[in-house]
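# Descriptive analysis of the structure
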Amino acid sequence: MRRDMRNWDEYLKKDINCECGHIHNCQISDILVEKNAIKRLPELVIAGGYRKICIVSDIKTQAAAGDKVEETLKQHNIHYYKIVFETDALVPDETALELLEAQVDPECDLILAVGSGTINDLCKYFSFQRHMDYFIIATAPSMDGYASNVAPLIINNVKTTYEVGMPKAIIGELEILSKAPMSMITAGVGDILGKYVCLADWKLSQIINGEYHCSYVENLIRTSIETVVNASEKIKSRDEESVGAVMEALILSGIGMSYIGNSRPASGSEHHLSHYWEMMFLQADRPCAWHGTKVAVGTVIALGLYHRLEEFLADIDTAKASCFDEEKWKKNIEAAYGVAACGVIALEEKVHKNADSGVNARRKIIAEHREEILKMAAGLPDAGEIKTLLEEMGAPSLPKEIGVPPKMVENSILYAKELRNRYGLLQLLFDTGKLEYAAKTAQKKILVVVDMQNDFVDGALGTGEAVQIVDNVVKKIEEYRKFNCEVVFTMDTHTDLYLRTQEGEKLPVPHCIKGTAGWELCGKIKESADAANDRIYEKVTFGSDGFGRDLEQGIYREAAEVELCGLCTDICVISNAMLVKTFMPETLVTVDGSCCAGVTPASHRNALEAMKMCQVNVI
């Protein structure tokens, strides 16, 4: 027995008369997180007097623990039958539920669910509907739903959370848990780290809406966070006690949810982001990261926004009254949610959380409690701290690292809150009129303005097409400045010895000689540049070696998107675009054709087509 093993009797099978005024109770009978835990399964089955037992797994979880469960039951002459989902990408949707409905014997009185998130949610929901017991034999410490009384499913293409029952027993064998895919173990860590945001959202709603709040449950969730943070250093080495600590933290979080009766203490804005991404991946028939992994990335985004609340609430006292355009909103929801839009729109028509009367009333409360809200936000960890913790475990921390593109991130910040009638950070930003700005500025975006110099515009190598794009480039720079995005410049830079270079031999037209008027950024572009703060790369050839070094060294690693514009499309723009693709292959690289010009119109078009072939996003 582990010396630090948690005493689950403190939480189970008893009434807790809480200072919040509620009586908390968790109906789970047994929790085993220990070595050789599956050996104790028969005694739990026999004690429960179960007669008709069904094992449910998928092909991966069957191999991980299902075979051992079967062997253990056979040794004790306990009869069973099994259902194995023949897929390694099981989705908790109507199809999976229909299979269970068809194959589970009506006389079955116990389901032994072998798996983690999806298997657990399906069996939890199904057993509740059938009024039967279920045990969960965990195969990975990947999510906090083991002990909760909720089951998130994909129904009618919408991520929907149902309040159901709890398992009678949770069995986590340390040998099995520690051998789970590392991505699943770190997903469990991510799910717990998300509780920072969950608790902040819950407190936010208490302040603004007077929502019920329980300090005892909050402390339970904080204990789960502390447990995981303390164990994080040894997780990468698969230390059994550390992995077991993660499993215990996940169970404790689930118990907290069961005490409240819903997922409020453990699911906030970071989960909304994760759920939206999952729905979009399912619609596109694309595999996506584990739930907890997405939650971790959503947590980094949400913490970044929380720490900007002082900025967002600066003008709360003078903000214009809300004017919700429901028809426009519906069109945006249809575009953002696709086939799932009907369910989302139906929720708003039922609860009217975006209606002007409610928004304006909450805005007054936000203004009155501004300092309290800011103090609460200031107590949250910095997004960088969580990123570092995740990175040290080898876990993703940025959307692009889990295949979530910038536009999907932006849409999720704007519209993920519509999945539930649950107040949190994203609804507060909507209430204060800052949600669109937050969505535009939550991700790091870089604009690279290539060689917009006099000699390329209307000088030695200038063209009419180059002159025509100047105003477009200025507008592009202003757009990036508006959302506090970084703008960098490259400048073709030669000396008086240019004609002796290889380039000079092939293009014997002296240009961009440093110190000359032709070398300077053209007038309007120069006015848009911030010489004191913008990075300006002087380069002697087509691609900037300085820009390339900074890309290689990770200066721009966190950028979700790098957009390029300028001159010439077919020489320097394409060269620098390829540098970004080389050093940051998972970053969206965009080139706006209306802000570029080539040596000739034909070569401009050819360059754009060439970049499309290299997976550059040409707009």
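Calculation criteria
- All chains use their own residue numbering, which begins from 1 and follows the written sequence.
- Only residues with pLDDT of at least 70 get local features here, since the model is predicted, and only at 80 or more are side-chain atom pairs given and counted; chain-wide, interface and lining totals rely on the full set of residues.
- Computation of side-chain values covers all heavy atoms of the structure but excludes hydrogens and water.
- Runs of H or I in DSSP of at least four residues are treated as helices and runs of E of at least two as strands, each being numbered from the N terminus.
- By the convention used here, residues are in contact when the closest approach between their heavy atoms is within 4.5 Å.
- Any two strands with at least two DSSP-identified bridges between them are counted as paired.
- The convention used is that axes are lines fitted to C-alpha atoms, helices contributing only their stretch in contact, and that angles between N-to-C directions extend from 0 to 180 degrees.
- Categorising residues by exposure relies on relative accessible area from a 1.4 Å probe, with only protein chains included: less than 20% of the type maximum marks a residue as buried, more than 50% marks it as exposed, and the intermediate range marks it as partly exposed.
- Seen with the strands pointing away from the viewer, any crossover whose path from the first strand over the helix to the second strand runs clockwise is right-handed.
- The term salt bridge refers to a pairing of a side-chain nitrogen on Lys or Arg with a carboxyl oxygen on Asp or Glu at a separation within 4 Å.
- Expected span of a helix: the number of residues minus one, times 1.5 Å.

What follows is about the environment of Phe85. Structurally, the position occupied by Phe85 is in strand 5 (residues 81-85). Sequence separation of Phe85 and Ile59 is 26 residues, and the distance between their C-alpha atoms is 6.4 Å. For Phe85, the contacting residues outside a window of four places in its chain are Val56, Ser57, Asp58, Ile59, Leu90, Ala96, Leu99, Leu100, Ile119 and Leu122.

One open sheet accounts for six strands, arranged 13-12-11-14-15-16; its pairing is parallel. Strands with a single pairing partner mark the edges of an open sheet, and in this sheet they are strand 13 (535-539) and strand 16 (617-618). Here two bridges tie strand 15 (residues 588-597) to strand 16, and the two strands are oriented parallel to one another. When the bridges of strand 16 are listed, Val591 appears paired with Val618. Contacts from helix 26 (residues 569-583) reach strand 11 (444-450), strand 13, strand 14 (559-567) and strand 15, with the element oriented near 165° to strand 14.

Below, the discussion takes up the pairing of strand 4 (residues 53-58). Buried residues dominate strand 4, accounting for six of its six residues. Residue alternation in strand 4 divides its side chains into two sets, Ile53, Ile55 and Ser57 and Cys54, Val56 and Asp58, and both sets are buried. Pairing analysis gives four bridges linking strand 4 to strand 6 (residues 110-115), with the strands arranged parallel. Its bridge partner lying in strand 6, Val56 is registered against Ala113. In this structure, strand 4 lies alongside strand 5, joined through five bridges in parallel fashion. Note on strand 5: the bridge partner recorded for Ile55 is Lys82. Remark: the strand 4/helix 2 (residues 59-75)/strand 5 crossover connection has right-handed handedness.

This paragraph deals with the sheet that holds strand 6. Sheet architecture is open: six strands sit in the order 3-10-7-6-4-5, paired in parallel fashion. Two strands lie at the open edges of the sheet, namely strand 3 (30-34) and strand 5, each paired on one side alone. Averaged over all pairs of adjacent strands, the angle between their axes in this sheet comes to 15°, without regard to strand direction. Packed onto the sheet, helix 2 meets strand 4, strand 5, strand 6, strand 7 (133-138) and strand 10 (169-173) and runs at close to 155° relative to strand 4.

Let us look at the pairing of strand 11. Of all seven residues in strand 11, six are buried; the element is thus mostly enclosed. In this sheet, strand 14 lies alongside strand 11 in parallel orientation, the contact comprising seven bridges. Each residue of the ladder has a partner; that of Val449, found in strand 14, is Cys565. Taken together, the five bridges between strand 11 and strand 12 (residues 486-492) define a ladder with parallel strand orientation.

As enumerated under the stated definition, the model contains 41 salt bridges in all. A salt bridge links Lys68 to Glu173; the shortest N-O distance between them is 2.4 Å. Of this pair, Lys68 sits in helix 2 while Glu173 sits in strand 10, placing them 105 residues apart in sequence. The partly exposed category is assigned to Lys68, whose relative accessible area is 30%. The buried category is assigned to Glu173, whose relative accessible area is 2%. Of the charged contacts in the structure, one is a salt bridge between Glu410 and Lys407, with a shortest N-O distance of 3.8 Å. Of the two residues, Glu410 and Lys407 are both situated in helix 18 (residues 406-415); the distance of three residues between them amounts to about one turn of the helix. For Glu410, a relative accessible area of 6% translates into the label buried. Among the residues examined, Lys407 registers a relative accessible area of 51% and is labelled exposed. If you follow the salt bridges from partner to partner, you end up with Lys387, Glu391, Glu401, Arg557 and Glu558 in one network.

Turning our eyes to something else, we now look at unusual backbone geometry. The omega torsion across Leu567 and Cys568 is -15°, close enough to zero to call that bond cis. Take Cys568: it is sitting in the loop between strand 14 and helix 26. Of note in this structure, Asn157 is not a glycine but carries a positive phi near 70°. Its place among the elements puts Asn157 in the loop between strand 8 (150-155) and strand 9 (158-163). Look at His352: it is not a glycine, yet its phi comes out positive at around 55°. One can find His352 in the loop between helix 14 (341-351) and helix 15 (356-368). We classify His352 as partly exposed; its relative accessible area is 45%.

To continue, consider helix 4 (residues 117-130). An ideal rise of 1.5 Å per residue puts 20 Å on 14 residues; helix 4 measures up with 20 Å between its terminal C-alpha atoms. Counted residue by residue, helix 4 has ten buried out of 14 residues, so it is predominantly covered.

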